[in-house]
Amino acid sequence: MLIIKNVSKSFREATQTSTILNNIHWQINRAEWCSVVGPSGTGKTTLLHCISGLLQPDEGHVHFKGTDIYSLSEKKRSNWRRKHLGFIFQDFKLLPHYSVLDNVALPLIFDEAKGPLYDRAKEKLKLVGLEETFFSRLPGGLSGGEKQRVAIARSLIAEPDILICDEPTGNLDSDNRDKIADLFSELKKSGQAILMVTHDPEIARKGDKTYQLSGGSLFVKEVTA
Ligand SMILES: Nc1ncnc2c1ncn2[C@@H]1O[C@H](COP(=O)(O)OP(=O)(O)OP(=O)(O)O)[C@@H](O)[C@H]1O
């Protein structure tokens, strides 16, 4: 489904250039759950952003179902992202002046009729354990774990082919973390690919394969499925 070919990315700060990703090759298949681990600052978020069309690599290609996503115009790439890819940001990126329900529905507000879209948004919130009392609340009044679950619900609104998650359970207690892991397992069964960065080895092991990012390269660390 997603093929990453020879992807490299460096950042230049003052006179110093740091190579963060060095010639990464990778493939993520339909109904596959891959986890990526590695110490802080090794480039996990950078890798997710390159794969998702958010940050153009210096070299290499990212192919999604045969299309090189960086050959698309920015507008087309952004449309592709909204429809095919769910992204859970490490810092949630919820819009503070919109309700929980609006935050979940907003990515597709110009694409779909409001009635069915909002019904689906409610369904996704219930999937992550947020019932009706949360729908009209503003993100500012939520706990970190509740915000994280709103961000997960929002990433599912388009029923994307691939879910890309940057530390999706970092703010959850073990009970809610396990519920999200069960949800990901169900999504995988229905064909979605899941690519997750995590510092939590327990949730990483619930996937099919764990990769380690180290020195700009990606290694298979553990195969669990
Ligand atoms: N836009 C940028 N400009 C310069 N340096 C950057 C930029 N973005 C990231 N970096 C640097 O690249 C390195 C990798 O950052 P990244 O956020 O990808 O790491 P990470 O593995 O996701 O870390 P963490 O586990 O703490 O979230 C870090 O040293 C970071 O400071």
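Residues numbered from 1 in each chain as written. Predicted model: local features only at pLDDT ≥ 70, side-chain atom pairs only at ≥ 80, totals over all residues. Heavy atoms only, no water.

Taking an unreviewed UniProt entry as the reference, the protein is identified by name as Putative ABC transport system ATP-binding protein belonging to Sediminibacillus halophilus.

We now examine the site of the ligand. Contacts to the ligand come from 13 residues, most closely from Ser-40, Gly-41, Lys-44, Thr-45 and Thr-46. In this structure, an oxygen atom belonging to the ligand sits 3.1 Å away from a main-chain N or O atom of Thr-42. His-199 has a polar side-chain atom sitting 3.1 Å from an oxygen atom of the ligand. Burial of the ligand by the protein amounts to 61% of the accessible area it has alone, namely 640 Å². (Near = heavy atom within 4 Å. Polar contact = N/O pair within 3.5 Å; in protein donor to acceptor, adjacent residues only side chain to side chain. Areas by Shrake-Rupley, 256 points an atom, 1.4 Å probe, with all protein chains shown as cover.)

What follows concerns the pairing of strand 7 (residues 162-166). Among the 5 residues in strand 7, 5 count as buried, and that is most of the element. Every second residue of strand 7 is oriented toward a common face, with Ile-162, Ile-164 and Asp-166 on one face and Leu-163 and Cys-165 on the other, all of them buried. Pairing geometry for strand 6 (residues 85-88) and strand 7, over 4 bridges, is parallel. In the sheet register, Ile-88 faces strand 7, and the bridge partner there is Cys-165. Examined bridge by bridge, strand 7 and strand 8 (residues 193-197) share 5 bridges and lie parallel to one another. (Buried < 20%, exposed > 50% of the residue type's maximum accessible area, 1.4 Å probe, protein only. Helix = DSSP H or I, 4+ residues; strand = E, 2+ residues; numbered from the N terminus. Pairing = 2+ DSSP bridges.)

With 12 residues, helix 5 (residues 144-155) extends 17 Å between its outermost C-alpha atoms, agreeing within 8% with the 16 Å of an ideal straight helix rising 1.5 Å per residue. With 10 of 12 residues buried, helix 5 is to be regarded as a mostly interior element. Taken residue by residue, helix 5 has Gly-145, Glu-146, Gln-148, Arg-149, Val-150, Ala-151, Ile-152, Ala-153, Arg-154 and Ser-155 as its buried positions. In this fold, the buried residues of helix 5 make contact with strand 6, helix 3 (100-105), helix 4 (114-127), strand 7 and helix 6 (174-189). (Expected span 1.5 Å × (residues − 1). Contact = heavy atoms within 4.5 Å.)

The next thing to look at is the sheet that holds strand 3 (residues 33-37). Taken in spatial order, the 6 strands of this open sheet run 6-7-8-3-9-10, and their pairing is mixed. Each edge of the open sheet is held by one strand with a lone partner, namely strand 6 and strand 10 (217-223). When the angles between neighbouring strand axes are averaged without regard to direction, this sheet yields 20°. Along the sheet face, helix 2 (residues 74-84) touches strand 6 and strand 7 and points at about 85° away from the line of strand 6. (Axes fitted to C-alpha atoms, helices over the stretch in contact; angles between N-to-C directions.)

As a further point, take the UniProt feature "domain: ABC transporter" (unreviewed entry) in the protein. Under the local residue numbering, the UniProt record ascribes the feature "domain: ABC transporter" (unreviewed entry) to residues 2-223. As annotated, residues 2-223 comprises 32% helix and 29% strand, and the C-alpha atoms at either end are separated by 19 Å. (UniProt positions renumbered as here; feature names shortened; annotations may be inferred.)

On to the confidence of the model for the protein, then. Across the protein, pLDDT averages 94, with 100% of residues at or above 70. Confidence, expressed as mean pLDDT per element, reaches its minimum in the protein at helix 6 with 90 and its maximum at helix 3 with 98. (pLDDT = per-residue confidence, 0-100.)

Hydrogen bonds between backbone atoms are what pair the strands of a sheet, whose relative direction is either parallel or antiparallel. The strand order 2-1-4-5 describes an open sheet built from 4 strands, whose pairing is antiparallel. The open sheet has two edge strands, strand 2 (16-28) and strand 5 (67-68), and neither has a second partner. In terms of strand pairing, strand 1 (residues 2-13) meets strand 2 through 9 bridges, oriented antiparallel. Residue pairing for strand 2: Ile-4 is matched across the bridge by Trp-26. Across the sheet, helix 1 (residues 44-51) lies against strand 1, strand 2 and strand 4 (59-64), angled at about 60° from strand 2, the strand it touches most.

Another aspect to go through is the nonpolar core. Membership of the largest hydrophobic core comes to 36 residues, with the highest contact counts inside it found for Leu-125, Val-150 and Phe-184. Breaking this core down by element, the ones donating at least two residues are helix 3, helix 4, helix 5, strand 7, helix 6 and strand 8. Val-150 has contacts with Leu-94, Val-100, Asn-103, Val-104, Leu-125, Leu-130 and Leu-142, leaving out every residue within four places of it along the chain. Residues Ile-28, Ile-51, Phe-64 and Leu-85 belong to the second largest nonpolar core, which totals 31 residues. (Core = buried A, V, L, I, M, F, W, Y, C linked by side-chain atoms within 4.5 Å.)

The phi torsion of most residues other than glycine is negative, and most of the peptide bonds are trans. Residues other than glycine seldom take positive phi values, yet Asn-6 does so here, at roughly 50°. Its location among the elements puts Asn-6 in strand 1. Overall, the relative accessible area of 34% leaves Asn-6 in the partly exposed class. Notably, Asn-23 is not glycine yet its phi reads approximately 60°, a positive angle. For Asn-23, the location among the structural elements is in strand 2.

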